[in-house]
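# Inside the fold
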Amino acid sequence: MKGLVALTKALADGATSSVETTKALLQKPDLVGAFLLRDDAGALAAAKASDERRARGAALGPLDGVSVALKDNILTEGVVTTAGSKLLAGFVPPYDATVTTRLKAAGAVLLGKTNLDEFGMGSSTENSAFQQTKNPFDLTRTPGGSSGGSAAAVAAGLCAGALGTDTGGSIRQPAAFTGLVGLKPTYGRVSRAGVVAYASSLDQVGPLARSVEDVALLLEAIEGFDAADSTSSDVAKTAWREGLRSGVKGLRVGLPKELFVDGMDPEIDASVRAAARRLEALGAHVVELSLPHTKYALATYYVIAPCEASSNLGRYDGVRYGHRAKDVKALKDLYEKSRSEGLGPEVKRRIMLGTFALSAGYHDAYYVKAQQVRTLIRRDYEAAFASVDVVLSATSPVLPWRLGEKLDDPLAMYLMDVLTLPCNLAGLPGLSMPCGQSKAGLPIGLQLLGRPFDEATLLRAAHALEADLNLSLEPR
Ligand code: GLN
């Protein structure tokens, strides 16, 4: 069993059953530390129900019987959801996230919950309070983050596809690090209801899978308006897979000089530029362009995201759910002790940064200023999309680094997001796909950004390039 589409076909042909494939996946040892929890009983029950539907000739969903994993900041009714935090250890959500409900309605078998940086804050999954996740291509290296568990699970063949969340690159960068396709949909395309909030104006849920078509299939299942998320957009649902094969003739591709940053790994630079030439050979027009405010994106993001996080995480007070400190007398002590004990160092750093930036006297200088710069960054992209259809760059400036290497240097870790976060600031759709491998065998990913709600063009361009490059990146 390889990808989602392949598995769907095998199930339809009767070559395998959902119970058979689900069992096989659950029995595979998780050597990369991808899963925080494997829901054996729930997955097998769902697989059995799917096989029965099929046997009865009942109506089937587009993902019927297919195994999918969820990042552990996506709520699952009755199944522990921790967001990678000790503060939520053992927390059993009373309801499903909208995306969880939609996957179930599509017939998917939910295999379990994958590891992440605590509350999505990080770029290596090392900020998880529970365990380390390893890159299946090299077990001494990071799978990226914060959706590193979802990426490692798919890349290691432990599930057919997975959902992650992306606030500043957390779907695309792990996809790049593990040889997968990952899509951050346009802000508003996929409901965030029931997803543990990090930075609400940036967060978006999206798929990670082995191929562009697999990603399109997952997107079809989870997208669409949801009254439970006030930022959900009421745009028509699309049959994403239909337009996939239309090719790239006449497609205008922009290479922004600011996204080919100093210090970028030369192997990545070469691989991305070679892919651009392939697109040209397939009939696209490739031009250089400028996004002049890109240099402010990192600073802007690392003001806005911590501000929103400091506000969102105020809800964890030890009163109704989550970690509750023992032996405290005053309410204030309950807050202080519960949070001190429950939250990890990176999360505390973000809460302090955000609280500072929002405090009286500094609010206008930091938060308001960052929002203004964010507008300028968005306008850069609006201007670019007047002359090109997609923007192409690398996904990450560097190859997957060694576990532990950047842990003592938060700023070095933040710098790793330089290519992915403008997409979130501008609310655009962004896709990462494999474009090569380093000499040492590590995957290299490129990023395609598109106009708001124009995922169709991204998927079409990615599909054409995927077919042309015909890579098969497999962990050793
Ligand atoms: N690495 C970025 C951060 O720590 C992005 C994380 C994400 O997209 N969730 O904020």
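This report concerns the structure included in the present document.

What counts, and where the lines are drawn
Residues numbered from 1 in each chain as written. Predicted model: local features only at pLDDT ≥ 70, side-chain atom pairs only at ≥ 80, totals over all residues. Heavy atoms only, no water. Helix = DSSP H or I, 4+ residues; strand = E, 2+ residues; numbered from the N terminus. Expected span 1.5 Å × (residues − 1). Bend = angle between axes of the 7 residues up to and from the residue. Buried < 20%, exposed > 50% of the residue type's maximum accessible area, 1.4 Å probe, protein only. Contact = heavy atoms within 4.5 Å. Core = buried A, V, L, I, M, F, W, Y, C linked by side-chain atoms within 4.5 Å. Axes fitted to C-alpha atoms, helices over the stretch in contact; angles between N-to-C directions. Parallel < 35°, antiparallel > 145°, perpendicular 65-115°, else oblique. Left-handed = near helix turned anticlockwise from the far one by under 90°. Nonpolar A, V, L, I, M, F, W, Y, C, P; charged D, E, K, R; others polar. Arc of directions from axis to C-beta.

## A few points about helix 12 (residues 363–387)
Taking 1.5 Å per residue, 25 residues should reach 36 Å; helix 12 reaches 36 Å between its end C-alpha atoms and fits that length. Maximal helix bending in helix 12 amounts to about 25°, located at Lys 369. Along helix 12, the positions that sit buried rather than exposed are Tyr 367, Ala 370, Val 373, Arg 374, Ile 377, Asp 380, Tyr 381, Ala 384 and Phe 385. For helix 12, the secondary structure elements touched by its buried residues are strand 8 (285–289), helix 9 (297–312), helix 11 (345–358), strand 9 (390–394), helix 14 (421–426) and strand 11 (443–450).

## Points about the nonpolar core
Membership of the largest hydrophobic core comes to 111 residues, with the highest contact counts inside it found for Leu 103 and Phe 119. Of all hydrophobic cores here, the second largest spans 22 residues; its members include Phe 35, Val 109, Val 154 and Cys 159.

## Some remarks on the packing of helix 2 (residues 18–27) against helix 3 (residues 40–56)
To describe two helices that pack against each other, one gives the angle between their axes and the distance between the axes. Put simply, helix 2 and helix 3 touch, their axes get as near as 8 Å, and they point 160° apart. Between helix 2 and helix 3, the angle is such that the two are roughly antiparallel. For the pair helix 2 and helix 3, the crossing hand works out as right-handed. The residues of helix 3 that touch helix 2, namely those facing Ser 18, Val 19, Thr 22, Lys 23 and Leu 26, are Asp 40, Ala 43, Leu 44, Ala 47, Lys 48, Ser 50 and Asp 51. When its residues are assigned to classes, the contact of helix 2 with helix 3 shows five nonpolar, three polar and four charged.

## Structural notes on helix 10 (residues 331–342)
Compared with an ideal rise of 1.5 Å per residue, which puts twelve residues at 16 Å, helix 10 spans 16 Å between its outermost C-alpha atoms and is within 8% of the ideal. Those residues of helix 10 lying buried are Leu 334, Ser 338, Arg 339 and Gly 342. In a view along the axis of helix 10, the buried residues occupy a sector of 110°, so they form one face of it.

Interpretation note: all reported values are geometric properties and have no functional meaning in isolation.
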